[in-house]
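# Summary of the model geometry
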Amino acid sequence: MTSETERRFRNDLLEWGRKNRREYSWREPDRTLYEVFVAEFFLTQTPADNVETVYSEFLGQFPSLDEIVEASEDELAEAIEPLGFQNMRASALKQIASSHDHLPTEPELLMELPRVGRYVANATLCFARGDRLPVLDRNVERVYSRVFRDTWPESEAEQFAFTERLVPDEARAYNLALLDFGALICQTEPLCEQCFANEYCIYFRELEE
DNA sequence: AAGACGGGGAG
DNA sequence: CTCCCAGTCTT
């Protein structure tokens, strides 16, 4: 069951995203599953601009899992050094490439890989293939907990169910817009005056009381 | 469900 | 230096 407000938010967000989506290398059309995975794997706990500085060069040096198998952990760590967490990430990439010829396309199988949780798995499959999966990080949680303050659940499992229900068929556009909206408008200090949802956002309504 | 982890960044 | 943070891992 989808409420009128949920439907409205979904449409407003998609429209906002068409005009305000941010451009990043990994969002270019025809990126492979591997290329998108690399980006999402690097983007956790790392600012996007930071990832941009190493992304293209990394893909040039390691265009597929095959090249990662051949590389040493030190070589990998050196290539991603500016990102931080380089040893942890190099080790995980090495383990992934050593055990897989290709990345799986089921979220549960992706999540079996080291350092790949629900966020990276769903984001990778949604952004690379358009799979209709919920993408839920702290930014998204902040957005939903404000706009739908009265119905947004406490538990993680219920939050995923809530989010899954809202994701439309245009999952890629929707989830990208959701992340950008959380980063640009619904920030920790939100810019409610310029927010499209300020007519029905519960957080904003309570602010005004 | 709660805390640990590893390490970056702000103050 | 201390505190906070975000996603994953561990219990």
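Throughout this document, residue positions are counted from 1 along each chain, in the order its sequence is written. All chains are assigned letters beginning at A, and all ligands numbers beginning at 1, according to the order in which they are written. pLDDT decides what is reported in this predicted model: residues at 70 or higher carry local features, side-chain atom pairs at 80 or more are listed and counted, and totals for whole chains, interfaces and linings draw on all residues regardless. Here the side-chain values reflect all heavy atoms present in the structure, with hydrogen atoms and water set aside.

### Points about the overall build of chain A
Broken down by element type, chain A carries 12 helices and zero strands. Order of helices (α) and strands (β) in chain A, N terminus to C terminus: α-α-α-α-α-α-α-α-α-α-α-α. Relative to the globule expectation of 17 Å for 209 residues, the C-alpha radius of gyration of chain A, 18 Å, shows essentially globular dimensions. Principal axes of the C-alpha set define a box for chain A whose edges measure 60 × 30 × 30 Å. With a 1.4 Å probe rolled over the protein chains alone, any residue whose accessible area is under 20% of its type maximum counts as buried; one over 50% counts as exposed, and the rest are partly exposed. Relative to its full complement of 209 residues, chain A shows a buried share of 49%. Any pair of residues with heavy atoms lying within 4.5 Å of one another is described as a contacting pair. Contacts in chain A between residues far apart in sequence, at least 24 positions, make up 64% of those at least 6 positions apart. All accessible-area figures derive from a Shrake-Rupley calculation using a 1.4 Å probe, and residue coverage is judged against the displayed protein chains alone. Looking at chain A as shown, the accessible area adds up to about 10,900 Å², and 44% of this sits on carbon and sulfur atoms. Under this rule, positive means Lys or Arg and negative means Asp or Glu; His and the chain ends count for nothing. Note on charges: their place is set at NZ of Lys, CZ of Arg, CG of Asp or CD of Glu. Between the averaged position of the 22 positive side-chain charges in chain A and that of its 41 negative side-chain charges there is a distance of 6 Å. To qualify as a helix, a DSSP run of H or I must reach at least 4 residues; to qualify as a strand, a run of E must reach at least 2; elements of each kind are numbered from the N terminus. Only C-alpha atoms enter the radius of gyration, while the globule expectation follows 2.2 Å times N to the 0.38, with N the number of residues.

### A few points about the environment of P63
Mapped onto the secondary structure, P63 falls in the loop between α3 (48–61) and α4 (65–70). The exposure class assigned to P63 is partly exposed, which follows from its relative accessible area of 46%.

### Focus: the protein's contact with DNA strand C
Nearness here has a simple test: a residue counts as near a molecule or strand if at least one of its heavy atoms is within 4 Å of that partner. Taken together, the neighbourhood of DNA strand C is formed by T44, Q45, L113, P114, R115, V116, G117, R118, Y119, V120, D137 and R138. Sugar and phosphate atoms constitute 73% of the interface atoms of DNA strand C, taking the interface as everything within 4 Å of the protein. Any pair of N or O atoms that falls within 3.5 Å is considered a polar contact. Within protein, one atom must be able to donate a hydrogen and the other to accept it, and sequence-neighbouring residues count only if both atoms are side-chain atoms. Between DNA strand C and Y119, the relevant distance is 3.3 Å, taken from a phosphate oxygen to a main-chain nitrogen or oxygen of the residue. Within the side chain of D137, one N or O atom sits 3.1 Å away from a phosphate oxygen of DNA strand C. Of all the elements, helix α8 (residues 118–129) adds the most residues to the surface near DNA strand C, at three residues. Only Asp, Glu, Lys and Arg are considered charged, only Ala, Val, Leu, Ile, Met, Phe, Trp, Tyr, Cys and Pro nonpolar, and every remaining residue, Gly among them, polar. Considering only residue class, the surface near DNA strand C consists of five nonpolar, three polar and four charged.

### Focus on the packing of helix α2 (residues 33–43) against α3
Between α2 and α3, whose axes approach to 10 Å, the crossing angle comes to 145 degrees. Both α2 and α3 take part in a crossing whose hand is right-handed. Along its contact with α2, which presents Y34, E35, V36, V38, A39, F42 and L43, the element α3 presents A48, V51, Y55, F58 and L59. Simply put, an axis is a line fit to the C-alpha atoms, just over the touching stretch for a helix, and the angle between two N-to-C directions goes from 0 to 180 degrees. Throughout, a crossing is termed right-handed when the near helix is turned clockwise from the far one, and left-handed when it is turned anticlockwise from it by less than a right angle.

### Things to note about the UniProt feature "domain: HhH-GPD" (unreviewed entry) in chain A
UniProt positions are given in the numbering used here, feature names are shortened, and annotations may be inferred rather than shown by experiment. When the UniProt feature table is mapped to this numbering, "domain: HhH-GPD" (unreviewed entry) covers residues 42–184. Helix makes up 66% of residues 42–184 and strand 0%. Its end C-alpha atoms lie 20 Å apart.

### Thoughts on helix α6 (residues 86–99)
Take the residue count of a helix, subtract one, and multiply by 1.5 Å to get its expected span. The terminal C-alpha atoms of α6 lie 20 Å apart, and with 14 residues this matches the ideal 20 Å at 1.5 Å per residue to within 8%. Buried within α6 we find R89, A90, A92, L93, K94, I96 and A97. Close packing links the buried residues of α6 with α2, α3, α4 and α5 (73–79).

### Re the packing of aromatic side chains
Aromatic contacts are taken between Phe, Tyr and Trp rings whose centres are within 6.5 Å, Trp giving its six-membered ring; a plane angle under 30 degrees counts as stacked, one over 60 as edge-to-face, and the others as tilted. As enumerated under the stated definition, the model contains 17 aromatic pairs in all. When the centroid spacing of 5.5 Å and the interplanar angle of 80 degrees are considered together, the rings of F9 and F148 count as edge-to-face. Placement of the pair is F9 in helix α1 (residues 4–20) and F148 in the loop between α9 (138–147) and α10 (156–166), with a sequence separation of 139 residues. Across this residue pair, the class does not change: F9 and F148 are buried. Relative to F42, the ring of F41 lies with its centre 6.3 Å away and its plane at 55 degrees, an arrangement referred to as tilted. For F41, a relative accessible area of 3% translates into the label buried. Overall, F42 belongs to the buried group, its relative accessible area being 0%. The ring of F160 carries the charged tip of R118 above its face, separated from the ring centre by 5.5 Å. In this structure, R165 packs its charged tip against the face of F162, placed 5.1 Å from the ring centre. The rule is short: NZ of Lys or CZ of Arg within 6 Å of the ring centre and within 35 degrees of the ring normal puts a charge over the ring.

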